[in-house]
Structures are given as C-alpha cells and as structure tokens.
Amino acid sequence: TERVPVWIMRQAGRYLPEYHTIRSKSDFFSICRTPRLACEITLQPLRRFATLDACIIFSDILVVPQSMGMEVEMVKGRGPVFPEPLVEPSDLDKLNFTPDVDQTLGYVFDALNLTRATIDGQVP
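### Re helix α3 (residues 35-48)
And step 1. Between its terminal C-alpha atoms α3 stretches 20 Å, which fits the 20 Å expected from 14 residues at 1.5 Å a residue.
And step 2. In the structure, α3 departs most strongly from a straight axis at T42, where the bend amounts to approximately 25 degrees and where the proline P45 lies between one and four residues downstream.
And step 3. Packing partners of the buried residues in α3 comprise α1 (17-23), α2 (28-32) and α5 (101-119).

Shown next as structure tokens:
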C-alpha cells in the first residue's frame, strides 16, 4: 500500500471540539440513537483529516445489552454503569434473547445508511 495503515480508535474523535459541541447538547446514548447525530459524529474526523480513507460509525457495543432489556447509564467521570447488573444466573431470565432487531437497534442501521449516502463512496 502507498499509505502506512493506521488504526484510530473510535474514541479518538471524542477529543474534537465538534464532538464536544454535539455532546454538550445530548447525552451519549441519545446521540447513538439519533441517526443524524451519529452520522455527523462519524464524519467529523473524516472532514478534519483529509488523508483518512475510512470512517467508523459512531455507536457503542452497549446498545446490544440495552436492546436485550438491560439499563445502561453513561455516568460522567465514571463511564458505563449497569444499575441492575447481572449477578446471579437467574438474572439472565430478565433478558430478552430474541429482541426485534429492527425495533430495538434500527437506529444503528439508519445511521449506517445515512452515513453511506452522505459520504457517497468517498471512503469505505
């Protein structure tokens, strides 16, 4: 390849002032659940660093347990918190192991589609 491969962790974009402007108006998971905001944050590093040749959708792995019925809170200065963590094997009975993915995670697909349309083939 003519470029040295570089992996920038998704969190790397969270230092950008553009991100902080959006984040100051919405909580973390609301941004994840709002395709327009997730798309905007996804594109911020790409706009700022013209040599980037890919983008990574703004989301979080913790949307999966949320889709299964777990509450997850993002606590400032602490990070993700499960108010009712799974402690005993019987706690698994509280989870929905077959959530309607379109209903519970459709916003991720919407963010992906919006981002793909917005970048219009500029990067993968």
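### Things to note about α5
And step 1. Helix length check: α5 (19 residues) gives 25 Å between terminal C-alpha atoms against 27 Å at 1.5 Å per residue, within 8%.
And step 2. At Y107, α5 shows its strongest bend, of approximately 45 degrees.
And step 3. All of the buried residues in α5 are L105, G106, Y107, V108, A111, T115 and I119.
And step 4. As for α5, its buried residues are in contact with α2, α3 and α4 (63-67).
And step 5. Capping the start of α5 is the job of one residue whose side-chain oxygen sits 3.1 Å from the backbone nitrogen of D102: D100.
And step 6. Where α5 ends, the next residue or the one after it, D120, has phi of about 45 degrees, a positive value.

### Some words on the packing of α3 against α5
And step 1. The N-to-C vectors of α3 and α5 enclose an angle of 45 degrees; their axes lie 8 Å apart at closest approach. It follows that α3 is oblique to α5 by the angle criterion. α5 is crossed by α3, and the crossing has right-handed handedness. Facing α3, whose interface residues are P35, R36, A38, C39, T42, L43 and L46, α5 presents Y107, D110, A111, L114, T115, T118 and I119.
And step 2. Residue classes in the contact of α3 with α5 are distributed as nine nonpolar, three polar and two charged.

Rules used in this analysis
- Residues numbered from 1 in each chain as written.
- Predicted model: local features only at pLDDT ≥ 70, side-chain atom pairs only at ≥ 80, totals over all residues.
- Heavy atoms only, no water.
- Helix = DSSP H or I, 4+ residues; strand = E, 2+ residues; numbered from the N terminus.
- Expected span 1.5 Å × (residues − 1).
- Bend = angle between axes of the 7 residues up to and from the residue.
- Contact = heavy atoms within 4.5 Å.
- Buried < 20%, exposed > 50% of the residue type's maximum accessible area, 1.4 Å probe, protein only.
- Polar contact = N/O pair within 3.5 Å; in protein donor to acceptor, adjacent residues only side chain to side chain.
- Axes fitted to C-alpha atoms, helices over the stretch in contact; angles between N-to-C directions.
- Parallel < 35°, antiparallel > 145°, perpendicular 65-115°, else oblique.
- Left-handed = near helix turned anticlockwise from the far one by under 90°.
- Nonpolar A, V, L, I, M, F, W, Y, C, P; charged D, E, K, R; others polar.

These figures capture arrangement, not role.
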